[in-house]
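Here's the letter readout for the chains.
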Amino acid sequence: MDEKTLSRYNSPEGATDYVGKFDRRWTERINDWNEQRLLRRLLHSAGVEKVPGVALDLPCGCGRLYPIVREVADRVVEGDWSFHMLLEARLSASSGNSPGPASGFVRGTALTLPFIDRAFDFVLSVRLCHHIGEHAERIQYVWEVMRVSGKWLVFTYFDQTSLKNRLREFNRRFNGKRAKRTLHPSEVAALARSAGFDVVRSVPMSRLFSGHRYAVLRRKGDIPASAPERSLTT
Ligand SMILES: C[S@@+](CC[C@H](N)C(=O)[O-])C[C@H]1O[C@@H](n2cnc3c(N)ncnc32)[C@H](O)[C@@H]1O
């Protein structure tokens, strides 16, 4: 993530701003509503039901998707690099509308997650990949979220093949804007294969209006349920 965006997220103003982002404009409210509906449908259609172990929501931001993660797991760890986002997530998880408190809040970077291999039965990682500037770091990020998942991983990335990216690439010839930080779906499929996952769902957030793609990965083979007493951290 570029320094400017990261420091914005990692500031009280940036975190407060992100809390209000999905309420301020009707377009953002619709986007948020659509995204949450898409995520619930994806989980349902992929067969992601209640998992016995712990789930990780990272980056959790202000906890926007925490209620959905709680539908999948009773124990959820909220993680982010920004202390201020974590504070907002904690406030939101203890509010009256929350499905209940989170099991923990962890400050850590998605590029080197402070958890043991397969610590979680379910990992959700939304809207981070497209902020990571270097391609090699985007790959490292995908490896990390796969590494800590024992069963399910749901994450988003900016799709190189999306209409939005193609238009951006075309327009870049004239406006000089930077390239989007993308991954190719075939690259994600190859990464998943080599880490022992199947890509069971891969859907665009919106074919016309967004370049983001949701991928649902499931680890192959028999997965032992996480032991509740086991320490998750490295
Ligand atoms: C666009 S927000 C997404 C938050 C949440 N997943 C959502 O969809 O509402 C991006 C989040 O990534 C966090 N972040 C940035 N770089 C990170 C990193 N290297 N590791 C973990 N979190 C990071 C930011 O602090 C911010 O909360």
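Here's a quick rundown of the structure. Just so we're clear, the structure is a prediction, and the values are computed from it rather than from any experiment.

### What to know about the site of the ligand
By nearness alone, 20 residues border the ligand, and Pro59, Arg64, Asp80, Ala110 and Val126 come closest of all. Arg64 places a polar side-chain atom, nitrogen or oxygen, 2.8 Å from an oxygen atom of the ligand. The separation between a nitrogen atom of the ligand and a polar main-chain atom of Val126 is 2.8 Å. Protein chains shield 96% of the accessible area of the ligand, which is 600 Å² for the free molecule. According to the grid-proximity analysis, the pocket containing the ligand is the largest pocket. Here the residues of the shell around the ligand are counted per class, giving twelve nonpolar, five polar and three charged.

### Regarding the nonpolar core
Counting 32 residues, the largest nonpolar core has Leu56, Phe115, Phe120, Tyr141, Met146, Phe155 and Leu217 as the members making the most contacts within it. Elements with a contribution of two residues or more to this core: strand S1 (51-57), strand S4 (120-125), helix H6 (135-147), strand S5 (149-159), helix H8 (185-194) and strand S8 (212-219). It is H6 that contributes the most residues to this core, five residues altogether. Residue contacts for Met146: discarding those within four places in its chain leaves Leu153, Leu191, Ala192, Ala195, Phe197, Leu217 and Arg219. Val48, Ala93, Ala102 and Val126 belong to the second largest nonpolar core, which has 25 residues in total.

About the cut-offs
Residues numbered from 1 in each chain as written. Predicted model: local features only at pLDDT ≥ 70, side-chain atom pairs only at ≥ 80, totals over all residues. Heavy atoms only, no water. Near = heavy atom within 4 Å. Polar contact = N/O pair within 3.5 Å; in protein donor to acceptor, adjacent residues only side chain to side chain. Areas by Shrake-Rupley, 256 points an atom, 1.4 Å probe, with all protein chains shown as cover. 1 Å grid on protein atoms, 1.4 Å probe; cavity = no way out; pocket = protein on both sides within 12 Å on 5 of 7 lines; lining within 4 Å. Sits in = over half its atoms within 2 Å of the grid points. Nonpolar A, V, L, I, M, F, W, Y, C, P; charged D, E, K, R; others polar. Core = buried A, V, L, I, M, F, W, Y, C linked by side-chain atoms within 4.5 Å. Buried < 20%, exposed > 50% of the residue type's maximum accessible area, 1.4 Å probe, protein only. Helix = DSSP H or I, 4+ residues; strand = E, 2+ residues; numbered from the N terminus. Contact = heavy atoms within 4.5 Å.

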